[in-house]
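As a plain string of letters, each chain reads:
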Amino acid sequence: MTFSIFEGQESNQIIFQFKANSPAVKFKLTGETDGIFMIGGDGLLYCTKALDRETRAVHHLQLAALDSQGNVVEGPVPITIEVKDINDNRPTFLQSKYEGSVRQNSRPGKPFMYVNATDLDDPNTLNGQLFYQIVIQLPLVNNVMYFQINNKTGAISLTQEGSQELDPARNSFYNLVVSVKDMGGQNENSFSHTTSVDITVRENIWKAPEQVEITENSTEPHPIKITQVQWNDPGAYYSLVNKEKLPQFPFSIDQEGNIYVTQPLDREEKESHLFYATAKDESGKLLAYPVEVHVKVVDINDNPPICPATTVFEVQENEIVGSSIGYLSASDMDEANTVNSILKYKLVDQSPKVPSDGLFLIEEYEGKVQLGKRSLRKQDNPQYNLTVEVADKDFQTLCFVQVHVIDINDQIPIFKVSDYGNMTLPEDTAIGSTILVIEATDADEPFTGSSKILYKIVEGDPEGRLEVVTDPQTNAGYVTIKQALDFEAQPVANIVFKAENPEPLVSGVSYNASSYASFRLTVTDVNEAPVFSQRIFQAKVSEDAAVGTRLGNVTARDPEGLAMRYSLSGDKRGWLKIDSVTGEIFSAAPLDRETESLYRVRVVATEIGGSALSSVADFHLALTDVNDNPPRLAKEYTGLFFCHPLSAAESLTFEVTDDDQQSLWRSQFTFALGRESLKNDWQVSKINAGILAVVFYRMKKDEGKGNVENPQSPEAKPLRS
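What counts and how
- Residues numbered from 1 in each chain as written.
- Predicted model: local features only at pLDDT ≥ 70, side-chain atom pairs only at ≥ 80, totals over all residues.
- Heavy atoms only, no water.
- Disulfide = S-S within 2.5 Å.
- Helix = DSSP H or I, 4+ residues; strand = E, 2+ residues; numbered from the N terminus.
- Buried < 20%, exposed > 50% of the residue type's maximum accessible area, 1.4 Å probe, protein only.
- Core = buried A, V, L, I, M, F, W, Y, C linked by side-chain atoms within 4.5 Å.
- Contact = heavy atoms within 4.5 Å.
- Phe/Tyr/Trp six-rings, centres within 6.5 Å; stacked < 30°, edge-to-face > 60°.
- Patch = residues over 30% accessible without salt bridge, like charges linked within 9 Å, V, L, I, M, F, W, Y side chains within 5 Å.
- Areas by Shrake-Rupley, 256 points an atom, 1.4 Å probe, with all protein chains shown as cover.
- Salt bridge = Lys/Arg side-chain N within 4 Å of Asp/Glu carboxyl O.
- Pairing = 2+ DSSP bridges.
- Axes fitted to C-alpha atoms, helices over the stretch in contact; angles between N-to-C directions.
- Polar contact = N/O pair within 3.5 Å; in protein donor to acceptor, adjacent residues only side chain to side chain.

Now, about the state of the cysteines: what can you tell me, with residues and values included?
Tallied over the entire structure, the rule returns one disulfide. Here C307 is linked by a disulfide to C399, with a sulfur-sulfur distance of 1.7 Å. Disulfide C307 to C399: torsion about the S-S bond roughly -80°, handedness left-handed. A residue pair is termed long-range when its members are at least 10 positions apart, and C307 in the loop between β23 (291-298) and β24 (311-316) and C399 in strand β30 (residues 396-406) qualify at 92 residues. Judged by its relative accessible area of 23%, C307 is partly exposed. Note on C399: relative accessible area 1%, which makes it buried.

As structure tokens, this is what we get:
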């Protein structure tokens, strides 16, 4: 048997009473009794004093039953006494004072020392679970904690603020008071202990080196040492991290922290490098944050100037001397804003040299090309080829420039015909039809902005019914119908065209009468059908409206101004009539929403005289509901009966409906029996939102016997609706 007993309980505590069969008369207890466990003649097992788990956590005993001669009758049997822990021991630090040191800028959260405490209570219970805490930090700068402790392991490390702000130049010594509590530190009855921790802050030598400058394309033997990093303590393992993912990483590091460049660098390929140096312990864990290494590649003049593809400028033939024609933009791959990339421009050749050489100049540092002697004329030469030398301090490159002389807009468009006469068209001529071709000429250079002609209608078409489209090859103008012609709005139009260029005319030249032309357009009438003011007319009226009630009004007009008559089509129920002159619509018969809630008919407007053309529109009449229908049973109930006398209470359920709109009647029904005399035998009740009723037969006290075999017997109670 196994018994569990809390330590520290009062003495003479009874644990269990054993019994033995005859001839046994007494018991014998052996084993790890420690003089604490006893058994009486009555079989009571008890302890003589409080147990102590820390002295012995488990007692192993044996119990035997003896007869009067002391012979073993039963047993011995094993008995195990487990001593359960109570929190009766205080945690204790192994040292009254701890000393440690930390480097400034050490990684936050990385332990640099430990404090340790022990507790004699059971570590597998809350009694022996220890909780560490920093109680005091001296000095406490700006109320910021620089140190933290792992509350389970006692590991002390820097906080984020401590990693950033600790500086031995300002304060090289700190003292901590650290407490330890048992019961996980979560119980107000926990025991606690404190210790003192002295921490020295040492200077961090693990720092990013100064930026390194390496001259590109070095011819010295490689590798070349360029800088060094060093961890605070010996034995670190160094490596470099290529964060830029270069296809070939040109740097290395040895285990002394020396960093080397392993090959010549090219500034034009990459002008600077950024990578990281790391220090790790023997298990491969980082000792601190990686440090950045910056390498700048110093430029040498190893690239000649680069020309763009052939540069093309345009210049009008009337430009004055000194006018800017354009900029030649050469480039140099060497470092910008240094002597290696400063470029100088020099014009070395002009072809052809007509009417003379030196027609152009180029600004020495900007590359601006200007007219040097006189205005150009296209008839002298339409194109010039220039050769420009572009040089930095060591290299020269030849660039080529084309200058196109373009015509100026000094000629106005002139119509071949100034009056295109008369034209008569019916008003239903199709939109998009070409009705006239007009043409003007321009003596400027063909297929340029100076000779292209745009035609505009400047008079006679205020509604924009016509437009003119220019043929880009012939400069002819095609006059087309953009919007439908309208005899009633404008039977005769005197159209005036203007021909002009998209490019502005040069100073001193302006458009005159030669750039204008006209024609007269006569539009003939075409009989058109009436037009309704809207496609669908709508009205709403109550279904109990009196016959003759005005319901609405439709309107239409005839484009030719003819009188019209109105009529109805599709009035299948004969509910409506219309005033043939005014278009007013009236009810002609009683209306019924339950028959048709939205009544649709068509209205016809027909010319009186002319071609008797007609048009159609829709008239929609919405009927609103009134309570004009009685409730009724939702279905037929036939062949219903109760057999009399009843053996138990009986009932029937009826569903009721109403043809009127549901919102008018739902929950509004009441139910009653047909006549007063029925109330003695029958009862009616409303259920289920007012559309169901249940009828009960009131069974009298003396009922319960009778003829139930023949439902048609005189005793059967028929059910009437």
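So what about the nonpolar core? Which residues, and what values?
Residues F532, V554, Y566, L576, V603, F619 and L621 are the most contacted members of the largest nonpolar core, which totals 24 residues. When contributions to this core are tallied by element, the ones reaching two or more residues are β40 (536-542), β43 (564-569), β44 (576-578), β46 (598-607) and β47 (614-624). If we skip the residues at most four places from it in the chain, L621 touches A539, K540, V541, L551, L576, L591, S597, L598 and Y599. W231, A236, V261 and V297 belong to the second largest nonpolar core, which has 23 residues in total.

Explain unusual backbone geometry residue by residue, including any values.
Residue P139 is reached from L138 by a cis peptide bond, and omega for that bond is -10°. Topologically, P139 is positioned in the loop between β12 (131-138) and β13 (147-149). Here the amide bond leading from V354 into P355 is cis, since omega sits at -5°, within 30 degrees of zero. Structurally, P355 can be placed in the loop between β26 (344-351) and β27 (360-362). Even without glycine at this site, N142 takes up a positive phi of about 55°. Following the sequence through the fold, N142 ends up in the loop between β12 and β13.

Got a sec to walk through the packing of aromatic side chains? Specific residues and values, please.
By the definition in use, this model includes 17 aromatic pairs. Where F249 meets F275, the ring centres are 5.4 Å apart and the plane angle is 85°; that geometry is what we call edge-to-face. Separated by 26 residues along the polypeptide, F249 in the loop between β19 (237-241) and β20 (251-253) and F275 in strand β22 (residues 272-280) bring together distant segments of the chain. Note on F275: relative accessible area 1%, which makes it buried.

Now, about a nonpolar patch on the surface: what can you tell me, with residues and values included?
On the surface, a cluster of nonpolar side chains totalling about 260 Å² of accessible area is made up of V135, I136 and L138. Position of L138 among the secondary structure elements: in strand β12.

Report on the environment of Q133, specifying residues and quantitative values.
With respect to the helices and strands, Q133 occurs in strand β12. The sequence separation of Q133 and V178 amounts to 45 residues, and the corresponding C-alpha distance is 5.6 Å. Not counting the four nearest positions on each side in its chain, Q133 is found in contact with I149, V177, V178 and S179.

Can you explain the pairing of strand β29 (residues 383-391)? Please cite residues and give values.
Where β26 meets β29, seven bridges bridge the pair, whose relative direction is antiparallel. Bridge pairing links K346 to E389 in β29. In this structure, β29 lies alongside β30, joined through nine bridges in antiparallel fashion. Its bridge partner being in β30, E389 is matched across the sheet by L398. Between β29 and β30, which follow one another and run antiparallel, lie four residues.

Break down the sheet that holds strand β41 (residues 550-553) for me, citing the residues and quoting the values.
Read across the sheet, three strands follow the order β41-β45-β44 without closing on themselves; strand pairing throughout is antiparallel. Single-partner strands in this sheet number two, and they are β41 and β44. Each adjacent strand pair in this sheet contributes to an overall mean axis angle of 25°, direction not counted. Pairing analysis gives three bridges linking β41 to strand β45 (residues 584-587), with the strands arranged antiparallel. Residue pairing for β45: N553 is matched across the bridge by E584.

So what about the pattern of salt bridges? Which residues, and what values?
Here the idea is simple: oppositely charged side chains can pair when their charged atoms come close. A complete count under the given rule lists 28 salt bridges for this structure. A salt bridge links K344 to E364, with the shortest nitrogen-to-oxygen separation between them at 3.3 Å. On the criterion of sequence distance, the pair formed by K344 in strand β26 and E364 in the loop between β27 and β28 (368-371) is long-range, its members being 20 residues apart. Note on K344: relative accessible area 37%, which makes it partly exposed. Overall, E364 belongs to the partly exposed group, its relative accessible area being 37%. For the salt bridge of D394 with K393, the shortest nitrogen-to-oxygen distance reads 3.0 Å. Assessed through its relative accessible area of 41%, D394 is described here as partly exposed.

Break down the sheet that holds β20 for me, with residues and values.
One open sheet accounts for three strands, arranged β18-β21-β20; its pairing is antiparallel. Either end of the sheet is taken by a strand with one partner, and the two such strands are β18 (224-228) and β20. Averaged over neighbouring strand pairs, the angle between their axes works out to 30° when direction is ignored. By the bridge criterion, four bridges tie β18 to strand β21 (residues 258-261) in an arrangement that is antiparallel. Bridge pairing in β21 places Q228 opposite N258.

Could you give an account of the side chain of D442, with specific residues and numbers?
Within the secondary structure, D442 is located in the loop between β33 (434-441) and β34 (454-459). Within the local environment of D442, its side chain forms a polar contact with the backbone nitrogen of D444, the two atoms lying 2.8 Å apart. Within the structure, the side chain of D442 is placed 3.0 Å from the side chain of N501, a separation counted as a polar contact. Those residues in contact with D442, other than ones at most four positions away along the chain, are Q411, I412, P413, S450, S451, I453 and N501.

Describe the pairing of β22, listing the residues and the values that go with them.
Where β19 lies against β22, five bridges are found, and the strand directions are antiparallel. By the bridge assignment for β22, Y237 is matched with K280.

Could you give an account of the environment of G235, with specific residues and numbers?
For G235, the location among the structural elements is in the loop between β18 and β19. Sequence-wise, G235 and Q255 are 20 residues apart; in three dimensions their C-alpha atoms are separated by 8.9 Å.

By themselves these figures say nothing about function.
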